[in-house]
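# Results of the structural survey
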Amino acid sequence: MNSLAVAALLLVLLGLAYQSGWSRSRALATVGGPKVHSRPQYHGSYVAIWTMMPALVVLLLWAWLGGELTHNHITAQIPADTLQALDQTALNAAINRIRAIASGFGVAGEVAPYEQAAGESLRSFQMLTGTGVLLVAALCGGAALLYARGRITARLRARNAVERVVNIALLLCSAVAILTTLGIVASLLTEALRFFTFINPLDFFFGTVWAPNNAPTAGNYGRYGLLPLLAGTLMITAIAMLVAVPVGLMAAIYLSQYAPRRLRAVAKPMIEILAGIPTIVFGFFALVTVGPFLRDFGRLVGLNINATSALTAGIVMGIMIIPFVSSLSDDILNQVPRTLRDGAYGLGATQSETIRNVLLPAALPGIVGAFLLAVSRAVGETMIVVLAAGNAPVLRGNPFEPVATITVSIVNQLTGDTDFSGPQSLVGFALGLTLFVITLGLNIFALYIVRRFREQYE
Amino acid sequence: MDMLAGKVKLTQQSVNSAMNPTDALARPIRLEARDVTVHYGAKQALFGISIDIPDRAVTSFIGPSGCGKSTFLRCINRMNDTIEGARVGGSIKLDGEDIYDPSLDVVELRARIGMVFQKPNPFPKSIYENVAYGPRIHGLARSKSDLDEIVVSSLRKAGLFEEVKDRLSEPGTGLSGGQQQRLCIARAIAVGPEVILMDEPCSALDPIATAIIEELIDELRENYTIVIVTHSMQQAARVSQKTAFFHLGKLIEEGVTEDIFTNPVHKQTQDYIMGRIG
C-alpha cells in the first residue's frame, strides 16, 4: 500500500472534517441565536478527531493483519508439490523472489513459470487490497464525520471533549517513555539472569580477574570478575571529578557573581558549547593530544606515564563534564535569594566572604546534587574511555597505567560476532545492569538532595 | 492580648518620654545628603535629593511605590554598588565625611551603617551564628566569651533573647516571621553600627509582630540613628520624629513628622496623606 496515498487520505479527511465542523459551528452562532458552548475551532477539532479515529483504526488493523494475509496469498500461489519441496529458508527466499517480481524490480536468474504467475497474481492482490483498505478507511472516516457533524449543537461541549482527547494523547506519550524504560530494564534483567546461569554471581561481583574466553572450548568460559572494571571506572570518575568540580564550580561562581553582564552573555554560551562537542571528538583529543602530552611531560619530570591511561581519560572526561557542573551550579547559585546576599553585604561582608559564608552554604545541597549527577554521567561515559584508557582490565591502583571500565568491556564483549547464547556476550547485560544500578542510585540520591534544597526557600 | 496590652502601655510611656517635635530638628546632623541622583542604566530614579538626617532619632521616608525612597535608602550604605548599571551622583556625608569618596572602605562603611531588609533574610545558619557572623568577619570579638556576650546583648537589644535563649543552636530560618525580623535587627546591631537603615521592615509581618518591631524601633532610637522606609503612614506617624515625602524620584517635602501629617505644605503631600495618590 502506498504510504503517500495513506498520508494524502488522512490529510484530506482531516481538512474536510475540521472545515465541516467549523462551518457548522459558525452557522449556529447567529446574532440573537442560542449561546454556543464552544468556539468554532473546537467544533472543528471535535469532528476531526471523530473522523480520524475510525480511519486510523482501519489502517492500523491492516498494518497488523495485512502482512499475514499477503503471506498466505503468496503461499497459496505456489504449486503444492513445489511448496512441499521447500524448507523454511528456501520458502522465504521464494516468497522474496515473488515479491520482487510483483514490485517490478525483477530478480536474478531464471524465472520459473509459477513464480511469474504468482508475481502477477500478487500484484493484482496488492492493488486490490490497497485500494480496498483505503476505501474502507475513507468510508469509515466519512461516516464518522457525518455522525460527529450531526451531533454539533449549541450545547455540545466540544471544548471539554477536545480537552479529554488532548489529555489522553499526553498520557500516551508519557506512557511510551515509561514503558520503554521498563522494557529496557526487564530485558537487562532477564539477560543478566541468563548470564548468571553460566557464571556464579559471587564470582562475577567479587572476582578480581577479568579474562573472558571469547572462543570457549566446552565448559571453559574464562573468568568474569567485575572488580577490575569497577576499579577502573571509579578511578577515571574520581580523576574526572577532581578536574571538573573545582574548575566548574569556580567558573560558575565567577560567572554568577563577578562577571559583568556582557562578559557573562558571551562566556556562558561558550562554556556550554563544550557540552555540545560529541564525546568521540573528546576521545580523539585525548588520544592524539592529551595522551602524548602527558607521556612527554611525565618523561620530563621522571614519571612513567602511559599515553593511554586512567589519567588521560580522566582528565579529558573532566573537561567534558565542566560545562555540566558549571551550568548546574550557576543555576543553583542564582536560585539563592538575592535578599540573602544583600543581608551579608549589609553587614559589611566583602564579596568573597559573602560567597564563602552565605552563598555556598545555602547552595551546597544543590551543588552536591549537581556533583552527583555529574558523577553518574562520568560513570556511564564510553567513547573517551574506549579511545584513551588503554583497555587493560587489570586490578591496579596506578592512574598512570592503562585501565578498563565497565562501559569499555561492554563494547568489547558485544562488538563483532555475537550470538547471545554464551556468557561472553551475555555478560554485557550483567555489566549494563550493574552500571544502571549505580547511576540510578546516584540519580535518586541527587534528586533527593536537590529537592530538599528547593523546599528550603519556598 | 498580653502583647497588645504591653504595646499600649509602652506607647504611653513613649509619649511621655517623647521628645519635643522641634527637638528632632534641633539635634545634631548625622547624615547630610546633597543633590543625590541615581541612574539605573539610562533611567533616572532619583532627582537631586538633599536632606539632613538627625542623630539618634527616627527619620521616615514615605511615598507611593516606585517613588525612589528605597533607592535613596540604599544610597546611604552604598548597597546600590551591588546593582549592576547603577550610578550615584551628588554627595552623602556621614559625620562630615563623604561616603562616596573613592578612598573610603565600603565594607567598613556598611559596618557603621547597618541595614534591615523588607523580607526577613536570616542566613541558613543557627540563631547564634546569624548574630555572630558580623562580629566574626569584622574581628570584633577577641575570645569565644566576648562573642557570646555580643550575641546575647544584641539579641537582648532586639528583644528576642528571652524567646530564643534555649535554642540558640537551632536554624534561624525556623523562627516565625516577626522573630526572624528581630533576629535580623540583632544581627545588624551586633556589628555595632551608628546608623540603622530599615527598608519596610514590617511589610512582610502580621499586625502583632509589626507592633513589637515598632516598639523596638522606638527603644533603639536612644542609641542609634534610624532611617526607616515605610508604606504605612500610620507607622511613620507612630515611630518617626522626622518624615520625608518622596514622589516620582523627587523629595517633595520634609520636616517634623507631626507637621507633615497635620499641616503639609505641598499639595502632593496632602494628596498622598489623604489617600488620593499612591
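Residues numbered from 1 in each chain as written. Chains lettered and ligands numbered in written order. Predicted model: local features only at pLDDT ≥ 70, side-chain atom pairs only at ≥ 80, totals over all residues. Heavy atoms only, no water.

## What about the pairing of strand β6 (residues 113-116) of chain B?
Residue and element names in this part refer to chain B.
- Burial along β6 is two-sided: the residues I113 and M115 and G114 and V116 are all buried.
- Both β6 and strand β7 (residues 195-199) contribute to a ladder of four bridges, which runs parallel. When the sheet's bridge partners are listed, G114 is paired in β7 with I196. (Buried < 20%, exposed > 50% of the residue type's maximum accessible area, 1.4 Å probe, protein only. Helix = DSSP H or I, 4+ residues; strand = E, 2+ residues; numbered from the N terminus. Pairing = 2+ DSSP bridges.)

## Side note on the confidence of the model for chain B
All names here are of chain B.
- Per-residue confidence for chain B gives a mean pLDDT of 87, with 90% of residues at or over 70.
- Counting interchain partners and residues more than four positions distant, the pLDDT-below-50 stretch residues 1-18 has nine contacts.
- Per the prediction output, this complex has pTM 0.73; the corresponding ipTM is 0.84. (pLDDT = per-residue confidence, 0-100. Contact = heavy atoms within 4.5 Å.)

## Observations concerning the sheet that holds strand β10 (residues 250-256) of chain B
All names here are of chain B.
- Spatial strand order, β6-β7-β8-β3-β9-β10: six strands in an open sheet with mixed pairing. Edge positions in the sheet fall to β6 and β10, since each has one partner strand and no second. Sheet twist, expressed as the average angle between the axes of neighbouring strands with direction ignored, equals 15 degrees.
- Relative to strand β8 (residues 225-229), strand β3 (residues 58-62) runs parallel, the two being bridged by four bridges. Looking across to β8, one finds that V58 is bridged to I226. (Axes fitted to C-alpha atoms, helices over the stretch in contact; angles between N-to-C directions.)

## Re helix α11 (residues 310-335) of chain A
All names here are of chain A.
- Here α11 contains 26 residues, and its C-alpha end-to-end distance of 36 Å stays within 8% of the 38 Å for a straight helix at 1.5 Å per residue.
- Largest kink in α11: about 40 degrees, centred on I321, with the proline P323 one to four residues after it.
- In terms of residue burial, α11 counts as a mostly covered element, since 19 of its 26 residues are buried. (Expected span 1.5 Å × (residues − 1). Bend = angle between axes of the 7 residues up to and from the residue.)

## A look at the nonpolar core
- Counting residues in each nonpolar core, the largest one holds 54 residues, and the members touching the most others are F195(A), F204(A), I236(A), M317(A), I321(A) and L431(A).
- Mapped onto this core, the elements with two or more residues apiece are α6 (158-198), α8 (227-258), α10 (279-301), α11, α13 (351-380), α14 (383-388), α15 (406-414) and α16 (423-455) of chain A.
- Looking at this core, the element that brings in the most residues is α16(A), giving 10 residues.
- Contact partners of I236(A), with chain neighbours within four places excluded, come to A310(A), A313(A), G314(A), M317(A), V385(A), A389(A), V403(A) and T405(A).
- Residues V116(B), V131(B), L175(B) and C202(B) belong to the second largest nonpolar core, which totals 35 residues. (Core = buried A, V, L, I, M, F, W, Y, C linked by side-chain atoms within 4.5 Å.)

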